[in-house]
Amino acid sequence: MTADPLFYEIFKEIPELFFDLIGESEKDPSIYKFSAPEIKQRGFRLDGLLLTPENYPNEPIYFIEAHSYKDDNFYNQIFAKIILYLTQYQPPNKDWYAIVIYDVKANEGNFPGYLNCFLPYLRCFYLDELAKKPNQSLAVGV
């Protein structure tokens, strides 16, 4: 927001104007603190990516992560990686999925509620549970 100093100053000095702008004037602006924090970029590496050639834009991209320990920050990190990838490469594909492969369900960390909008794009698999399913393919068995 510092690139737009006028709006920065207006929202800093008159935060109720922001709520008026978004049609939520009943909100109490005093419970909010306005700032413009710098976000430092970290290096991220995906465990795997299944990407189609450009002439298949209707097929989804699959972001693959294998995880074998409990980490309550895991979902924040995987979706940060995905959004950063999509922002940087801007693939033509319309859809994508985050595929997470856990060794055991007990290693799945907490899913933060503020990421609920990503739930339709998340698919989790648990290797210990796959072994219990009958009639699975030889490839899944391996």
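The text that follows walks through the structure, step by step, so that each part is easy to find.

Quick notes on the rules
Residues numbered from 1 in each chain as written. Predicted model: local features only at pLDDT ≥ 70, side-chain atom pairs only at ≥ 80, totals over all residues. Heavy atoms only, no water. Buried < 20%, exposed > 50% of the residue type's maximum accessible area, 1.4 Å probe, protein only. Helix = DSSP H or I, 4+ residues; strand = E, 2+ residues; numbered from the N terminus. Pairing = 2+ DSSP bridges. Contact = heavy atoms within 4.5 Å. Axes fitted to C-alpha atoms, helices over the stretch in contact; angles between N-to-C directions.

### Describing the pairing of strand 3 (residues 96–102)
Thinking step 1. Most of strand 3 sits inside the fold, with six of its seven residues counted as buried.
Thinking step 2. Here seven bridges tie strand 2 (residues 61–67) to strand 3, and the two strands are oriented parallel to one another. Its bridge partner being in strand 3, Ile64 is matched across the sheet by Ile99.
Thinking step 3. With five bridges joining them, strand 3 and strand 4 (residues 122–126) adopt parallel strand pairing. If you follow Ile101 over to strand 4, its bridge partner there is Phe125.

### Thoughts on the side chain of Lys81
Thinking step 1. Take Lys81: it is sitting in helix 3 (residues 74–89).
Thinking step 2. With relative accessibility at 14%, the residue Lys81 sits in the buried group.
Thinking step 3. Residues in contact with Lys81, not counting those within four places in the same chain, are Phe44, Arg45, Leu46 and Glu65.

### Comments concerning the sheet that holds strand 4
Thinking step 1. What the four strands build is an open sheet, ordered 1-2-3-4; its pairing is mixed. Each edge of the open sheet is held by one strand with a lone partner, namely strand 1 (48–50) and strand 4. Strand after strand, the sheet turns through a mean of 20° between neighbouring axes, direction not considered.
Thinking step 2. Contacts from helix 3 reach strand 1, strand 2, strand 3 and strand 4, with the element oriented near 145° to strand 3.

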